Amino acid sequence: MACNSLCFCFSGEPLRPDEYGAEGGRGATYEKYATNRETFQLGMGDAPLRAPLQCLAGGFPVTFICCQWHMRYRALNHVAPGSEWENYLCCQGYLPACLCFQPGHCGEREFPRR
């Protein structure tokens, strides 16, 4: 990774159990995601140098929401081609319910629609 040698803030190594808190608490919930071996076509460490416009657009407050919306749509339709927004779930269902916030019960079955 080109940027890794410049920034020293990204690692390609998987998280160790002590880094995501696997020993008790909510860390056990995230274990199945921390041990995921899937990769992206472009790593986060390479993004600033290999895709600077997309990197800036994704971090700029005015365009951030549009970028996130587009990437969520692409991810949903990559996993289930042609599904549009049918499989959309707030926070992808990864976050546990917290007080009044409950992923899956945020109106996402009705919105967004075409």
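Residues numbered from 1 in each chain as written. Predicted model: local features only at pLDDT ≥ 70, side-chain atom pairs only at ≥ 80, totals over all residues. Heavy atoms only, no water.

J.: Quick one: what's the story with the overall build of the protein chain, residue by residue and with numbers?
T.: Helix and strand content of the protein chain: six helices and zero strands. For the protein chain, the sequential pattern of α-helices and β-strands runs α-α-α-α-α-α. Counting all 114 residues of the protein chain, 16% fall into the buried class. At a minimum sequence separation of 6, the contacts of the protein chain that also span at least 24 residues come to 29%. Carbon and sulfur atoms make up 61% of the accessible area of the protein chain, which totals about 9200 Å². (Helix = DSSP H or I, 4+ residues; strand = E, 2+ residues; numbered from the N terminus. Buried < 20%, exposed > 50% of the residue type's maximum accessible area, 1.4 Å probe, protein only. Contact = heavy atoms within 4.5 Å. Areas by Shrake-Rupley, 256 points an atom, 1.4 Å probe, with all protein chains shown as cover.)

J.: Describe in detail unusual backbone geometry, supporting the description with residues and values.
T.: Positive phi, close to 55°, is recorded for E84, a residue that is not glycine. Within the element layout of this structure, E84 appears in the segment after helix 6 (61-79). Classification of E84 as partly exposed rests on a relative accessible area of 26%.

J.: Before we move on, could you go through the pattern of salt bridges and cite the residues and values that matter?
T.: Counted under the stated rule, the structure contains one salt bridge. A salt bridge links D46 to R50; the shortest N-O distance between them is 4.0 Å. On the accessibility criterion, R50 (59% relative accessible area) is exposed. (Salt bridge = Lys/Arg side-chain N within 4 Å of Asp/Glu carboxyl O.)

J.: Report on the packing of aromatic side chains, specifying residues and quantitative values.
T.: Applying the stated criterion across every chain, the model contains four aromatic pairs. Look at W69 and Y73: their rings are 6.1 Å apart centre to centre, the planes differ by 15°, and that puts the pair in the stacked class. Of this pair, W69 and Y73 are both found in helix 6, four residues apart, which corresponds to roughly one turn of the helix. Ring plane angle 50° and centroid distance 5.4 Å describe the contact between Y73 and W85, whose orientation is recorded as tilted. Of this pair, Y73 sits in helix 6 while W85 sits in the segment after helix 6; the two residues are 12 residues apart in sequence, bridging distant segments of the chain. Overall, the relative accessible area of 23% leaves Y73 in the partly exposed class. For W85, a relative accessible area of 7% gives the class buried. Each residue in the set W69, Y73, W85 and Y88 is aromatic and connected to the rest through ring pairs, giving one cluster. (Phe/Tyr/Trp six-rings, centres within 6.5 Å; stacked < 30°, edge-to-face > 60°.)

J.: Provide a residue-level description of the confidence of the model for the protein chain, including the pertinent values.
T.: Summarising the model, the protein chain shows a mean pLDDT of 77, and 78% of its residues fall at 70 or more. Taking the mean pLDDT of every element in the protein chain, the minimum, 52, falls on helix 1 (residues 2-7) and the maximum, 88, on helix 6. (pLDDT = per-residue confidence, 0-100.)

J.: A description of the packing of helix 5 (residues 52-59) against helix 6 should follow, citing residues and the corresponding values.
T.: Put simply, helix 5 and helix 6 touch, their axes get as near as 5 Å, and they point 105° apart. On the basis of the axis angle, helix 5 is roughly perpendicular to helix 6. Each of A57, G58 and G59 in helix 5 lies in contact with helix 6, whose residues at this interface are P61, T63, F64 and C67. (Axes fitted to C-alpha atoms, helices over the stretch in contact; angles between N-to-C directions. Parallel < 35°, antiparallel > 145°, perpendicular 65-115°, else oblique.)

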